[in-house]
Amino acid sequence: MKTLKEAKVGSTVKVVKLHGEGAVKRRIMDMGITRGVEVYIRKVAPLGDPVEVKVRGYELSLRKADAEMIEVE
């Protein structure tokens, strides 16, 4: 299992599954990150938090904790 946090900068990955419960999972889905969507990893901050991605045509910053909940391939 590979998470969004482990994906390399400059790569495009596909979301396989969202982990997490309740409000946290709902917030991630509200940002447009759902199963099957492609996510491009733009950059990672120097200390690894946050991760900047491009999804559905817009840019988004995710905390490391949230990125660990997103399983990708």
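As a reminder, the structure under discussion sits directly above these lines.
Residues numbered from 1 in each chain as written. Predicted model: local features only at pLDDT ≥ 70, side-chain atom pairs only at ≥ 80, totals over all residues. Heavy atoms only, no water.

(A) Region of interest: the overall build of the protein. Along the protein, the regular secondary structure elements total two helices and six strands. Secondary structure elements of the protein occur, N-terminal to C-terminal, as β-β-α-β-β-β-α-β. Whereas a compact globule of 73 residues would reach a radius of gyration of roughly 11 Å, the protein reaches 11 Å, a difference of no more than 12%. In terms of principal-axis extent, the alpha carbons of the protein reach across some 30 × 25 × 20 Å. Expressed as a percentage of its 73 residues, the buried residues of the protein come to 34%. Carbon and sulfur atoms make up 50% of the accessible area of the protein, which amounts to about 4500 Å² in all. (Helix = DSSP H or I, 4+ residues; strand = E, 2+ residues; numbered from the N terminus. Rg over C-alpha atoms; globule rule 2.2 N^0.38 Å. Buried < 20%, exposed > 50% of the residue type's maximum accessible area, 1.4 Å probe, protein only. Areas by Shrake-Rupley, 256 points an atom, 1.4 Å probe, with all protein chains shown as cover.)

(B) Inspection of the nonpolar core at higher detail. Judged by nonpolar contacts, the single largest core of 19 residues is most densely connected at Leu-4, Ile-33, Val-39, Ile-41, Val-53, Leu-62 and Ile-70. Of all the secondary structure elements, the ones that give two or more residues to this core are strand E2 (12-18), strand E3 (38-44), strand E4 (51-55), strand E5 (58-62) and strand E6 (70-72). Leaving out residues up to four positions away in the same chain, Ile-33 has contacts with Val-15, Leu-18, Ile-28, Val-55, Leu-60, Leu-62 and Ile-70. (Core = buried A, V, L, I, M, F, W, Y, C linked by side-chain atoms within 4.5 Å. Contact = heavy atoms within 4.5 Å.)

(C) Focus on the pairing of E2. Strand direction decides the pairing type here: E2 and E3, joined by three bridges, are antiparallel. Note on E3: the bridge partner recorded for Thr-12 is Tyr-40. Judged from the three bridges that link them, E2 and E6 form a sheet pairing that is antiparallel. For Val-15, the partnering residue across the bridge sits in E6 and is Val-72. (Pairing = 2+ DSSP bridges.)

(D) Inspection of the sheet that holds E5 at higher detail. Spatial strand order, E1-E6-E2-E3-E4-E5: six strands in an open sheet with antiparallel pairing. Looking at strand neighbours, the two that pair on one side only are strand E1 (2-3) and E5, the edges of this open sheet.

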